[in-house]
Each structure stands twice: as structure tokens, then as C-alpha cells.
Amino acid sequence: MDFGIGEECGVFGVYAPGQDTARLTYYGLYALQHRGQESAGIAVSDGKELTVVKDMGLVPQVFDERTLAALDGHLSIGHVRYSTTGSSEWFNAQPAFRSGGDTGFAFAHNGNLTNTADLAAGLGMLPGIEAECSSDSDIVAEMLLRQFPSTARGDGRDLERALLNVLPELRGAFSLTVMDDAHLYGVRDRNGFRPLVLGRLEGGGWVLASETAALDIVGAHHVEDVAPGTMICIDATGVRRIRWADADPKLCIFEYVYFARPDSELYGQNVHAARQRMGEELARQAPVEADMVMPVPESGVPAAQGFAKESDIPYGDGLVKNRYVGRTFIQPTQQLRGMGVRLKLNPLSENVRGKRVVVVDDSIVRGTTTRQLVAMLRAAGALEVHLRISSPPYRWPCFYGMDTGRKGELVAADLTVSEIGKFVGADSIAYLDLDRLIRATGAPDAGFCTACLSGEYPVPIDPADFPTPVEKRGVTALSLGV
Ligand code: SF4
């Protein structure tokens, strides 16, 4: 079944002497669970020893009271993972750990590097073949490790120097939290594809997190977005900022459309409000006469609210979602295949019968789910089904940390919008224009990556690094704009 786009990863870090940092990280990861459900991990240091616990599964499956009680220290990082590179196996769970330097270091990564093959070759490794080196994150951990002992000065800043040597070698998307026994680092690539924020704990101490919602949940206030091309260094002396590359901000536009929690802020704008504005823009761009505006729950809710408000058409629920159908869901057997999407979304016949409905969703990836939804709504008695999508057609694969290219066909890569409308069986269909989407973010001049919508890739792609999606899509290096 096609339930849309795969999330990427979430990272967290806390430096707070006197506080239970492992528990704070646990709550931070809970808040970031939507960014990755395959594995979870926490690294903690008490200044003498660095301990890492990680496993496959959701945060509450990996950690319980006993595990957390054993993780003692003033400094911690955490990670939730969705595998965009590397297999979904234990050794790829993060934080990655290496025993270089005094007590070793731990490393957590959100994003995708675009020069993995070159980096692996530089290390004399073959990514995906060596068990300890199947993900881009592990390659970076290995690069850092090999900086020791040449960076050793005995001043406690070995890891900082190693990072500053390695970061300029990396291409693509990376928001990192990194730690040794006494220091916490937060790093963002020069484009800032993935968010990373710095917060201050009320009781003292500092927090790094993928999203501001995770700061709220641990009782920290948002101090600043980590600037693209910047490394934040936190230790007993306080906070320092090191600009390691010139910034060229290109925050992933899909963080606004889909990935980020609605209660997070991006570029200072609340995500829920931005999604409502996308719905308002969509209603102005592609109005339709109808009796009810309904979302595809839950991702389509704010845009549907905005569409209803702007178009003055009543808002209603037409689909009920089973929230417990996740990635571990056992797919129906061939005989039960007809149950299809209904296992996750079931129509509210009472609400849709005899009505012309506008169905609002944030994106269509493969189109198969949408097709089944339209058929189900008609079977439930809807007179007309009009589709309104709060982002432009998703036509090009993402190489910066979002999963679609490997796992399915992008319906908009080969079909025009009206052909998609026919394919899914809608009475009408419209996608939000890119300029309207950017306006709806509330920060139109801040800088965005729109590559999957526009084909303009901010960081050139080497097809050798991504043989599957590039070949599968028949996309050449030339048409990727490299
Ligand atoms: S290609 Fe699309 S999903 Fe990937 S970073 Fe750019 S905007 Fe985001």
C-alpha cells in the first residue's frame, strides 16, 4: 500500500550537569518519533565513561525504566532512525560509537550524504558490503575516528578538530549531534536541508533538537536555529559557535508540507499555520463548488481547514484513520488484498453520502492509495470527489534524506496533472503552485530546497552514489541539472 512519503531521522542532544540527561533525551526522542520508527538510541557520558544503548523499534520499545536508570551522566545525545541509506538493521541504528580519543565519541545523523561512494573509497571501504559501513553515517563516524590521534593535543578538543577537518569533505544533507565525554556538538550542513535548533533548559543546560516541538516537551525555550554551515560547541565553558562553511540556506520545503510536527516552528513560522495557509492558497488557486471539504487524515487536516475557511464550504470528516497501522504492519495476503487502504482509512458514509466533497491531502506519491480512496468515497455515496493537493506534483527523487525513490514509482513523474486525475478517478484535481507554496510558508525569502518539485538540485548528484533511484527513474545526470 502507498501511504505516502517516508520520514527521515530525528536527532537530539542535551548538556545539563545535575540533570537526568538520558531521561530528557528519551522524552526528546519521543517528541521526534514521527521522524523515524525503525530504531532508537541514546548515548550518555558521566565525564568518565561513554555508554550507548540502541536497538530496533520505537523509543518505548527500546527503553524502559531499568535501561534509563542505568544511563547516568550530564551529557547525552539520541537518535530515531528511518533508513534512507543502509539497511534497517541493528548495526545501522544510531548513535554510532567509535572508541577513538580519550573515551570515544558518539554520533547521530539526520539527512543523506551525496558523495558516499567517494568518501567510502577514500577510506578504502565499500559501502553496503562491510557490515560496519553500510550507511553514510557510519562512514562519517569512521572518518572522524581516523582523524585521531593526529588531532590529539591533550586540551579536550580533539573531537572538535576532527569534526572541523571532516565536515568540509561531506556533501549533501546532514544535521548532526555529536559528543565525547565532556562536549556536545551540533552541526548543520551549509544548506541546512534538515532543521536543527538550540534551546535553553529552564533549570540550566542546553538542548539541541531536530525540531522546536522537542524543546517544548523537555521544558527548554528556543534560543536559535543552528545556522547552516555552523557548528555549535557546548561544554563547561558555555556555548561557542564556529562557522565552518559559507551558508546557502535551502531548508527542505517538505518539512513544511509534511515532515515536521505541526507544533514546531521553521524559520520562525508555526508549521500548522503554514499548512493552513497552503489550504487557503489552494482554495484561491483552484476553487470548486462543493458541499463539504474533508481532509485525508491526519496530514491533510490543516490544509483542509484552510481550504474550507477560504472557500466558505463546510469542513467535515469523511474518513476515519486507524492510527496504529505503522511500518511494522503485516501486509494483507493476496486473498485479502481487497481490504487495501480500508485497513488504514475507512469512509464515514453518514458524512459523505449525497455530497460533493473536496478531498484535501498534502501530496500524492504513487497514486495507488488516492485511487482507492476516491473509489471508497464514491462507494460510500459521494456524488462528486474533487482532489486538492497542498503541494506541487512530486516528480523528482529526493537525495537529501527523504524516502520515495527506492520504494515506488512517482505517479507525477510520468503523468500530467489531468492524467493523474483520470488515474485516481477524481472529478477534478489541482496541485498547489510552487510560488504559492513558498508564500504560504510565511518565510518566502528564507531559502528552500524544492528539488523533488522543481528538479533543481542545490547539491549536484552523482548518479553513481544512487544507482537504484536514478536508473529506475530513467533520470540522467543531465536532467538532474548536474
Ligand atoms: S528534494 Fe524534496 S524532500 Fe528532498 S530535501 Fe529537497 S524538498 Fe526536501
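For every chain, the first residue of its written sequence is number 1, and the numbers climb from 1 along that sequence. Under the rules for a predicted model, residues below a pLDDT of 70 receive no local features and side-chain atom pairs below 80 are neither given nor counted, while totals for whole chains, interfaces and linings still include all residues.

Caption draft 1: Local environment of the overall build of the protein chain. Per the convention used, a helix needs a DSSP run of H or I reaching at least four residues, while a strand needs a run of E reaching at least two, with both numbered from the N terminus. If you tally the helices and strands in the protein chain, you get 17 helices and 23 strands. Put simply, a residue is buried when 20 or more other C-beta atoms lie within 10 Å of its own C-beta and exposed when 12 or fewer do; between those, it is partly exposed, and each C-beta is set from the backbone. In the protein chain, which comprises 482 residues, the proportion classed as buried is 54%. The long-range fraction of contacts in the protein chain, counting pairs at least 24 apart against all pairs at least 6 apart in sequence, stands at 71%. By the convention adopted here, residues make contact when the C-beta atoms placed from their backbones lie within 7 Å.

Caption draft 2: Representation of the environment of Val 320 in the model. Position of Val 320 relative to the elements: it lies in strand 18 (residues 319-321). Taking the C-alpha atoms as reference, Val 320 lies 8.8 Å from Val 296; in sequence the two are 24 residues apart. Those residues in contact with Val 320 that sit more than four places away from it in its chain are Asn 346 and Leu 348.

Caption draft 3: Inspection of the site of the ligand at higher detail. Residues are counted as near a molecule or strand when the C-beta atom, derived from backbone positions, lies within 6 Å of that molecule or strand. The local shell around the ligand consists of Phe 193, Cys 252, Ile 253, Phe 254, Cys 398, Tyr 400, Met 402, Cys 449, Thr 450, Ala 451 and Cys 452. For the shell around the ligand, the secondary-structure elements that each account for two or more residues are helix 8 (253-259) and helix 16 (451-454). Classification convention: Asp, Glu, Lys, Arg as charged; Ala, Val, Leu, Ile, Met, Phe, Trp, Tyr, Cys, Pro as nonpolar; all other residues, Gly among them, as polar. Its residues assigned to classes, the shell around the ligand comprises ten nonpolar, one polar and no charged.

Caption draft 4: Highlighting the sheet that holds strand 17 (residues 292-295). Pairing in this open sheet of four strands is parallel, and the strands run 17-20-21-22 from one edge to the other. Sheet topology places strand 17 and strand 22 (428-431) at the edges, where each strand pairs with a single neighbour. Sheet twist, expressed as the average angle between the axes of neighbouring strands with direction ignored, equals 20°. Of the strand pairs in this sheet, strand 21 (residues 384-389) and strand 22 are connected by four bridges, and their pairing is parallel. Residue pairing in the sheet places Ile 389 in a bridge with Tyr 431 of strand 22. Orientation is described by axes fitted as lines to C-alpha atoms, over the contacting stretch for helices, and by angles from 0 to 180 degrees between their N-to-C directions. On top of the sheet, helix 14 (residues 417-424) reaches strand 21 and strand 22; it is set at about 130° to strand 22, its chief contact. Two strands pair under a simple rule: DSSP has to find at least two bridges between them.

Caption draft 5: Just the environment of Asp 361, in detail. Among the secondary structure elements, Asp 361 is positioned in strand 20 (residues 356-361). Classification of Asp 361 as buried rests on a count of 22 C-beta atoms within 10 Å. Excluding its chain neighbours within four sequence positions, the residues that come into contact with Asp 361 are Val 296, Ser 299, Gly 300 and Ile 389.

Caption draft 6: How the structure looks around the pairing of strand 12 (residues 230-235). A large share of strand 12 lies buried, amounting to five of its six residues. Note: strand 12 against strand 13 (residues 238-243), six bridges, orientation antiparallel. Bridge pairing in strand 13 links Ile 232 to Arg 241. As consecutive antiparallel partners, strand 12 and strand 13 are separated by two residues.

Caption draft 7: Structural context of unusual backbone geometry. A cis geometry characterises the amide bond from Gln 94 onward to Pro 95, with omega recorded as 5°. Tracing the chain through its elements places Pro 95 in the loop between strand 4 (75-81) and strand 5 (96-98). Residue Glu 298 follows Pro 297 across a cis peptide bond; omega there is -5°. As for its position among the elements, Glu 298 is in the loop between strand 17 and helix 10 (301-311). The phi dihedral of Tyr 267 is positive, around 50°, even though this residue is not glycine. The class for Tyr 267 is buried, based on 20 C-beta atoms found within 10 Å. A positive phi is found at Asp 312, a non-glycine position, where the angle reads about 60°.

Caption draft 8: Structural context of the nonpolar core. Ranked by size, the top nonpolar core spans 141 residues in total, and within it Phe 107, Leu 163, Val 293 and Val 357 carry the most contacts. The element contributing the most residues to this core is helix 8, with six residues. Composition of this core by domain shows at least three residues from each of domain 1 (10-249) and domain 2 (275-322 + 341-443). Here Val 357 is in contact with Ala 290, Asp 291, Met 292, Met 294, Gly 318, Val 352, Leu 377, Ala 382 and Val 385, once residues within four sequence places are set aside. Note on terminology: a nonpolar core is any set of buried Ala, Val, Leu, Ile, Met, Phe, Trp, Tyr and Cys residues joined through C-beta atoms within 7 Å. Per the annotation, domain bounds derive from an automatic or database assignment of domains.

Caption draft 9: Seen up close, the sheet that holds strand 5. Ordered by their spatial adjacency, six strands build an open sheet running 5-6-7-8-12-13, and the pairing between neighbours is antiparallel. The open sheet is flanked by strand 5 and strand 13, the only strands paired with a single partner. Here the average twist between neighbouring strands, direction ignored, is 20°. Both strand 6 (residues 105-110) and strand 7 (residues 175-179) contribute to a ladder of five bridges, which runs antiparallel. Bridge pairing in strand 7 places His 109 opposite Leu 176. The strands touched by helix 5 (residues 136-147) within the sheet are strand 5 and strand 6, with strand 6 carrying the most contacts at an inclination of about 145°.

Caption draft 10: Broad picture of the confidence of the model for the protein chain. pLDDT is defined as a per-residue confidence score from the predictor, taking values between 0 and 100. For the protein chain, the mean per-residue pLDDT works out to 87, and 86% of the residues sit at or above 70. Overall, residues 467-482 carries pLDDT values under 50, and its contacts beyond four positions in sequence, including any with other chains, amount to 20 contacts.

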